[in-house]
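Analysis of the macromolecular model
Next come the chains, spelled out residue by residue.
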Amino acid sequence: GDPRLQHISQSIRVVPHFPKNGIMFQDITTLLLDHKAFKDTVDIFVDRYRDMHISVVAGIEARGFVFGSSVALGIGAKFVPLRKPRKLPGEVIYEKYSLEYGTDCLEMHVGAVQTGERAIVIDDLVATGGTLSAGIRLLERAGAEVVECACVIGVPEVKGRCKLLGKPLYVLVEPRQVDQCF
Ligand code: PRP
Ligand code: MG
């Protein structure tokens with residue numbers, strides 16, 4: 001395996017019972033404090049996508065903005081923010097998605113992508129996949145081709161390449177169960 005992945009994993013702080021009991025929160029702010037971990041994360045994605053003729057990197061608010069915008073710069077693509085409701089000032093299309101309880105929604109500006117553009121969707125973490133699926137639906141409704149989704153962290157069931165609305169999903173590391181670093 002890639003020796004960079006263990007360091008990336010160890011740079012993620014696990015906060016038990018946040019934001020509620022039973023959740024092992026995967027805190028990527030500590031990854032961002034570690035220049036090598038952050039740079040290696042972005043480099044791995046850039047190396048993967050630079051020659052795939054990707055013109056759109058869509059990042060999911062909020063944590064997907066950090067990785068997505070860096071990857072967009074690295075591969076020479078535009079960055080499209082997929083935002084929580086009522087944040088974007090222009091005309092939007094929206095997709096609702098299910099949470100553990102209730103629903104949430106992502107919005108994308110009309111005109112941000114053109115029909116036929118090749119896109120990737122980036123977020124920090126995939127759990128149920130509901131959030132990424134909403135992102136895929138937004139891009140496809142706008143006529144883009146979603147080539148792959150990419151996350152830093154994914155549960156073992158989705159680690160590596162597997163399917164999400166028929167799209168490949170690329171994940172770097174599994175969620176950490178115990179906090180070994182902080
Ligand atoms: C978290 C995480 C992913 C999503 C994954 O975001 O950053 O975006 O949940 O969950 P899923 O695969 O079950 O859909 P959250 O909605 O907590 O918001 P944030 O990124 O703005 O903090
Ligand atoms: Mg998020």
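Above this text is the structure in question.
In this report, the structure presented in the accompanying data block is examined.

This brings us to the nonpolar core. Membership of the largest hydrophobic core comes to 27 residues, with the highest contact counts inside it found for Leu82, Met108, Val113, Val121, Leu132, Leu139 and Cys149. Ranked by residue count, the leading element in this core is helix α5 (residues 130-141), at 5 residues. Among all residues touching Cys149, those that are not within four sequence positions of it are Tyr49, Val121, Leu132, Ile136, Leu164, Pro168, Leu169 and Tyr170. Of all hydrophobic cores here, the second largest spans 26 residues; its members include Ile28, Ala37, Val46 and Ile120.

Around ligand 1, the structure places 13 residues, and the nearest of them are Asp123, Asp124, Ala127, Thr128 and Thr131. Here an oxygen atom of ligand 1 sits 3.3 Å away from a polar atom, N or O, in the side chain of Lys84. In the environment of ligand 1, an oxygen atom lies 2.5 Å from a nitrogen or oxygen atom belonging to the side chain of Thr131. Protein coverage of the free-state accessible area of ligand 1, which is 510 Å², stands at 75%. Put simply, the parts of the chain that give the shell around ligand 1 at least two residues each are β7 (118-126) and α5. Here the shell around ligand 1 takes 4 residues from β7, the largest share from any one element. Looking at the shell around ligand 1 residue by residue, the classes come out as 4 nonpolar, 4 polar and 5 charged.

With that settled, the discussion passes to unusual backbone geometry. The residue after Phe18, namely Pro19, is reached through a cis peptide bond having omega -5°. With respect to the helices and strands, Pro19 occurs in the loop between β1 (13-16) and β2 (24-27). Cis geometry marks the peptide bond from Glu61 to Ala62, where omega comes out at -5°. Counting through the fold element by element, Ala62 comes out in the loop between β3 (56-60) and α4 (63-75). Phi is positive for His17, close to 60°, though the residue is something other than glycine. By secondary structure assignment, the location of His17 is in the loop between β1 and β2.

Reading the values: rules and limits
Residues numbered from 1 in each chain as written. Chains lettered and ligands numbered in written order. Predicted model: local features only at pLDDT ≥ 70, side-chain atom pairs only at ≥ 80, totals over all residues. Heavy atoms only, no water. Core = buried A, V, L, I, M, F, W, Y, C linked by side-chain atoms within 4.5 Å. Buried < 20%, exposed > 50% of the residue type's maximum accessible area, 1.4 Å probe, protein only. Helix = DSSP H or I, 4+ residues; strand = E, 2+ residues; numbered from the N terminus. Contact = heavy atoms within 4.5 Å. Near = heavy atom within 4 Å. Polar contact = N/O pair within 3.5 Å; in protein donor to acceptor, adjacent residues only side chain to side chain. Areas by Shrake-Rupley, 256 points an atom, 1.4 Å probe, with all protein chains shown as cover. Nonpolar A, V, L, I, M, F, W, Y, C, P; charged D, E, K, R; others polar.

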